[in-house]
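This is what each chain is made of:
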Amino acid sequence: MPSLYRLHRAALYAAAFSIAAVSMASAEEIIIGAATAQTGVLAPYDQPALAGLRMALDELNAKGGLAGKYTVKLMIKDTRSDTAQTATVAQELIDAGAKIMITPCDADPSISAGQLTQPLGIPTLTLCGSAPVLTGAVGDVMFGTYPADNVQATAVADFAVSEGKKKVFLLTSPDTTYTANLPEYFGKVFEKKGGAIVGRGTFTMGQPDFSAEITNIKGLADKPDLIMTAAYEPDFPAFIQQLRGAGVTIPVYGADAIGTPTIKALGKLVDGVVYTAAGYAEPGSKLEAFNAAFTKYAGHAPESTYEVNGYEIGLILDQAVKTAGSDDPKAIRDAIANLKDFEGITGKITYAGTNRMPLRPVALMRYEGGEGKHVETLIPDASDVPAP
Amino acid sequence: MIAQQIINAVSLGGVYALLALGLAIVFSIVGLINFAHGELMTLSGYALLAALVFGLPFPLAVLVAVSCGALAAVAMERIAFRPMRGASVTSLLLTSFAVSSLLKVVFQNGISARPQAVAMPGWMTGAFSFGDFTIGVGPSISIVVSALALIALEVFLRRSVTGTAMRAAAEDFNVVRLMGIPASRIIATAFLLSGLLAGLAAMLWVAQRASVDPLMGFTPVLKAFIAAVVGGLGSLPGAVAGGFLLGIIEVLLQATLPAAIAPYRDAIVLSGVIAVLLLRPQGLIPAVRVQRS
């Protein structure tokens, strides 16, 4: 296959040059490789984000491509939510000539793909991987796009403190950076602002039974008034079902990964659960317009804010290629790294001065009666955000 | 606290016992570890979801879901395993993996890769108090259903002709056939029973997890396999003992390990399994006739 693509590109260049000889206007092609999960545990996150990106690229292509002159060819390969498989397909995409790489919604597979793109200087963007250690673990080509875990955790902690919460129980899982670190970032901010961590518990992802952990929570001498976790599907439904089943009514807060239709469909079970999103569609906002356009494009409404985040990746790439003035991967990388106050759909996005995890607003949401209700949108104070 | 954890342990052990029994019944007769057993659970879970979406009352939906599991098991035998009858153990094992992978992909692409929430009736998330401690309705149902299923299975195997034939087949299949009992009927019944058990286990599993997803069968089948091996592969009492042992160890470790060591829980459980097998290589309660394999 790779040789076929090269042939294809060679033919294209030849065509482009021959046209250029006649007129100076020339259309070029740029390949974006998407090593993303179509199947497995990450698929429910990667697929919506990728749908948003596709929509952006389709719209851009209709206007001539990135910066109006590089027609995008999006090549998608399934990583099966497997870290090793992600590296394999990333290599295939590189061989096929990808100049920009898109990686899954999780740090580990994104890092494995980044190991391959870093030496080649190919800018690499994770769809919604939010671990702040992600970019540092790879190097200067790796960019996050979603609000980082420590930023989200700070926003939730600020909110919990403002509500008067004093004592938190942290439920973590060492299985991923997200589930392991996000509640701990929360704990750091919460303690700094006068709260206390009264207990910690762990779970294994996919674990069937939380009863022992829940009995431990019930048995705590110092009763928490909040449980903070980054558990997501299918662990979060299992945890909250068994927690409420055991008669524990302590509020549970989480982060972006529980802002999904599945959790929403749990109805009364998740009443009062606070989570984060990349934005909130207020009437008349750009996000509301996006949601309408996406519904028209995909035939269904966006499931979460992963769609708009994917769409914004398309806009960021368009802006970066404009700034770079070429399709040179290194120039594109530099352009993304220097992006400042870029007007996205959800608000201003800034990379300049960060470690390539963007500064952008975080929306706080709360489930009530089977609906996600907006609480507030804020950009946490940078000095409050704990170091990764 | 301690009484509470014991209830947790028995509740989880009961589910593992049902799962391990489902594996053991089929293994005792045809010598196949059916790794697609977990997908029978998944299928029952989706059947429950579908029945609820179509507005069936909850008890009826559960009935439909469990029957779906049982019928799917029979269909699985008819389509995938009957053509392989007489094939080597390895071929059967690989066939079961193939069926399992195929069904997972069908669920992911045909339904959704995303877990689907299953709204359990409100009373199932309730709890009742006995003096000091509260017992959740969920774990109680779990314990009662497991106990009833185990008793019903025992009665069936002891009192009915087919049950007797199945016990005999587990000891010597050829003699049973010489007695004029059709092999296909015995095998189909074994799969039917294993499907029923998978369906029941799925209901308890889903009730605790509030969602079904395409990959949800993987963990339970793994646990059931461990329980069946510890108990003695092919031995039905062994499977039950193994299931309870595994459930109890898991809950006790989760309850007592300090947070720093807790992530190694599974490693500790599996080391325990190795220790049991070193002391009793045929399992806790070995099968009467140790399987060819």
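Residues numbered from 1 in each chain as written. Chains lettered and ligands numbered in written order. Predicted model: local features only at pLDDT ≥ 70, side-chain atom pairs only at ≥ 80, totals over all residues. Heavy atoms only, no water.

Caption draft 1: Representation of the domain arrangement of chain A. Residues and elements named next belong to chain A. Taken domain by domain, chain A comprises domain 1 (2–147 + 283–357) and domain 2 (149–277 + 363–378). Computed over C-alpha atoms only, the centres of domain 1 and domain 2 are separated by 31 Å. Contacts between the two partners involve 15 residues from domain 1, matched on the other side by 16 residues from domain 2. Summing the contributions of domain 1 and of domain 2, the shared interface buries around 1200 Å²; its carbon and sulfur component is 52%. Looking at the side of domain 1 facing domain 2, the largest losses of area belong to Y45, P132 and P147, adding up to 34% of the total buried there. In this assembly, domain 1 and domain 2 are joined by 0 salt bridges. (Domains from an automatic or database assignment. Contact = heavy atoms within 4.5 Å. Buried area = accessible area lost by both parts, 1.4 Å probe. Salt bridge = Lys/Arg side-chain N within 4 Å of Asp/Glu carboxyl O.)

Caption draft 2: Broad picture of the pattern of salt bridges. Under the criterion given, the structure shown has 20 salt bridges over all chains. Close ionic contact of E233 of chain A with R114 of chain B constitutes a salt bridge, the shortest N to O distance being 3.3 Å. Of this pair, E233 of chain A sits in the loop between β8 (226–229) and α9 (235–245) while R114 of chain B sits in the loop between α4 (89–110) and β1 (116–117), placing the two residues on different chains. Accessibility assignment for this pair places E233 of chain A and R114 of chain B in one class, buried. Between R114 of chain B and E303 of chain A there is a salt bridge, and its shortest N-O distance comes to 3.0 Å. (Helix = DSSP H or I, 4+ residues; strand = E, 2+ residues; numbered from the N terminus. Buried < 20%, exposed > 50% of the residue type's maximum accessible area, 1.4 Å probe, protein only.)

Caption draft 3: Examining empty space enclosed by the protein more closely. Using the criterion set out here, one finds 6 cavities of 30 Å³ or more in the structure. Within this model, the largest cavity holds a volume of roughly 180 Å³. Lining of the largest cavity is provided by 19 residues; of these, Q242, G245 and A246 of chain A together with G136 and P139 of chain B occupy positions nearest its centre. Tallying contributions element by element places helix α8 (residues 211–218) of chain A first for the lining of the largest cavity, with 4 residues. Looking at the lining of the largest cavity, its residues break down into 6 nonpolar, 12 polar and 1 charged. Estimated volume of the second largest cavity: approximately 150 Å³. For the lining of the second largest cavity, a count of residues per class yields 10 nonpolar, 3 polar and 3 charged. Counting residues domain by domain, the lining of the second largest cavity receives three or more from each of domain 1 (2–147 + 283–357) and domain 2 (149–277 + 363–378) of chain A. (1 Å grid on protein atoms, 1.4 Å probe; cavity = no way out; pocket = protein on both sides within 12 Å on 5 of 7 lines; lining within 4 Å. Points joined across faces, edges and corners; volume = space filled by probe spheres on them. Nonpolar A, V, L, I, M, F, W, Y, C, P; charged D, E, K, R; others polar.)

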